[in-house]
Amino acid sequence: GLLARGDIVRLLAGGEVRDIKGMSMTITVEVEEVDFTPAEREINESLHAALHERKLGKALELAQRFRALRPRDPRALGYVATIKEALNHPLEEWEALYREALEIDPGYLFAKTGIAKACVRRGDVEAAREILGALLGRAEYHHSEWRSILLAQIALARATEDHLAVFRLNEAVNQMQVQFG
């Protein structure tokens, strides 16, 4: 019969026998309604447009303006952290922002994936594995959450020189891009 969610299967993977936990999940595109003021909504929309156009300098400026309006919003901190990471700002800068976001909302997935990537950069792959492993197992993820998990897994796979995993994870990210934009 079919495996149930969470069943363990022993497979040969990467030249070694591994226990793999079966997963089934739904990837959604549902957008959470947020009670933004008109000014916040305008900045948020402009920020996402700048990111879509890969104008990271402009996106950082907008993210910082958004954060000034919503200093206790983990999303605002996450936006600034993610853009600083993409712009190769010092690790300490963007990791501190992710940690602050996590203090505000201990369940904030994007802060956790950001911290996992910071652990990878510092060479603490075991901490990154632990963080990422704890994120798996939900029945449903927003496509942006799943993409964030995949990108953190790619960073981990690169750090551990797991070339096959890098290839497969990149394929998954590309498929997400095609499917969800």
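Preceding this paragraph is the structure being described.
Trainee: Explain the overall build of the chain to me, using residue names and the numbers behind them.
Mentor: Within the chain, the regular secondary structure consists of 8 helices and 4 strands. Listing each helix as α and each strand as β along the chain from the N terminus yields β-β-β-α-α-α-α-α-α-β-α-α. Counting across all 181 residues of the chain, residues that qualify as buried make up 36%. Sequence-distant contacts in the chain: of pairs separated by 6 or more residues, those separated by 24 or more amount to 47%. By element, 52% of the accessible surface of the chain is carried by carbon and sulfur atoms, the whole surface being about 11000 Å².

Trainee: Tell me about helix 6 (residues 125-135), and name the residues and values.
Mentor: Every buried residue of helix 6 is accounted for by Val-125, Ala-127, Ala-128, Leu-132 and Leu-135. The buried side chains of helix 6 occupy one side of the element, clustering within an arc of 160° when seen end-on. In helix 6, the exposed positions angled more than 90 degrees off the buried face are occupied by Glu-126, Glu-130 and Ala-134.

Trainee: Describe unusual backbone geometry, naming the residues involved and giving the relevant values.
Mentor: With a phi angle near 60°, Asn-88 is a residue other than glycine that sits in the positive phi range. By secondary structure assignment, the location of Asn-88 is in the loop between helix 3 (74-86) and helix 4 (91-104). Phi angles above zero are rare outside glycine, and Glu-161 is one such case at about 55°. Position of Glu-161 relative to the elements: it lies in the loop between helix 7 (143-159) and helix 8 (163-180). Judged by relative accessible area, Glu-161 falls into the exposed class, the value being 58%.

Trainee: How would you sum up the pattern of salt bridges? Please name residues and give values.
Mentor: Within the structure shown, the criterion is met by 12 salt bridges. Across the pair Glu-40 and Arg-70 runs a salt bridge, and its minimum N-O distance is 2.9 Å. Of this pair, Glu-40 sits in helix 1 (residues 38-52) while Arg-70 is found in the loop between helix 2 (56-69) and helix 3, placing the two residues 30 residues apart along the sequence. Grouping residues by exposure puts Glu-40 and Arg-70 together as buried.

Trainee: Kindly report on helix 1, identifying the contributing residues and their values.
Mentor: The terminal C-alpha atoms of helix 1 lie 21 Å apart, and with 15 residues this matches the ideal 21 Å at 1.5 Å per residue to within 8%. Every buried residue of helix 1 is listed here: Glu-40, Ile-43, Asn-44, Leu-47 and Ala-50. One face of helix 1 carries all of its buried residues, which in axial projection span an arc of 125°. Opposite the buried face of helix 1, at more than 90 degrees from it, the exposed residues are Pro-38, Glu-42, Glu-45 and His-52.

Trainee: Now, about the packing of aromatic side chains: what can you tell me, with residues and values included?
Mentor: What characterises a pair of aromatic rings is the spacing of the ring centres plus the angle enclosed by the ring planes. Going through the model one piece at a time under the given rule, you end up with 5 aromatic pairs. A ring pair is formed by Tyr-141 and Trp-146, whose centres lie 5.0 Å apart and whose planes are at 50°; its orientation type is tilted. Residue classification places Trp-146 among the buried residues on the basis of a relative accessible area of 12%. Three or more aromatic residues link up through ring pairs in this structure, and these residues are Phe-36, Phe-66 and Tyr-79.

Trainee: Give me the lowdown on the packing of helix 5 (residues 109-122) against helix 6, citing residues and values where you can.
Mentor: Between helix 5 and helix 6, whose axes approach to 8 Å, the crossing angle comes to 160°. As the angle between them shows, helix 5 and helix 6 are arranged roughly antiparallel. The handedness of the crossing between helix 5 and helix 6 comes out as left-handed. When helix 5 is examined against helix 6, the residues Leu-109, Lys-112, Thr-113, Ile-115, Ala-116, Cys-119 and Val-120 are found in contact with a partner set consisting of Ala-127, Ala-128, Ile-131, Leu-132 and Leu-135. Among the residues making up the contact of helix 5 with helix 6, the classes are represented as 10 nonpolar, 1 polar and 1 charged.

Conventions and cut-offs
- Residues numbered from 1 in each chain as written.
- Predicted model: local features only at pLDDT ≥ 70, side-chain atom pairs only at ≥ 80, totals over all residues.
- Heavy atoms only, no water.
- Helix = DSSP H or I, 4+ residues; strand = E, 2+ residues; numbered from the N terminus.
- Buried < 20%, exposed > 50% of the residue type's maximum accessible area, 1.4 Å probe, protein only.
- Contact = heavy atoms within 4.5 Å.
- Areas by Shrake-Rupley, 256 points an atom, 1.4 Å probe, with all protein chains shown as cover.
- Arc of directions from axis to C-beta.
- Salt bridge = Lys/Arg side-chain N within 4 Å of Asp/Glu carboxyl O.
- Expected span 1.5 Å × (residues − 1).
- Phe/Tyr/Trp six-rings, centres within 6.5 Å; stacked < 30°, edge-to-face > 60°.
- Axes fitted to C-alpha atoms, helices over the stretch in contact; angles between N-to-C directions.
- Parallel < 35°, antiparallel > 145°, perpendicular 65-115°, else oblique.
- Left-handed = near helix turned anticlockwise from the far one by under 90°.
- Nonpolar A, V, L, I, M, F, W, Y, C, P; charged D, E, K, R; others polar.

None of this, on its own, says anything about what the molecule does.
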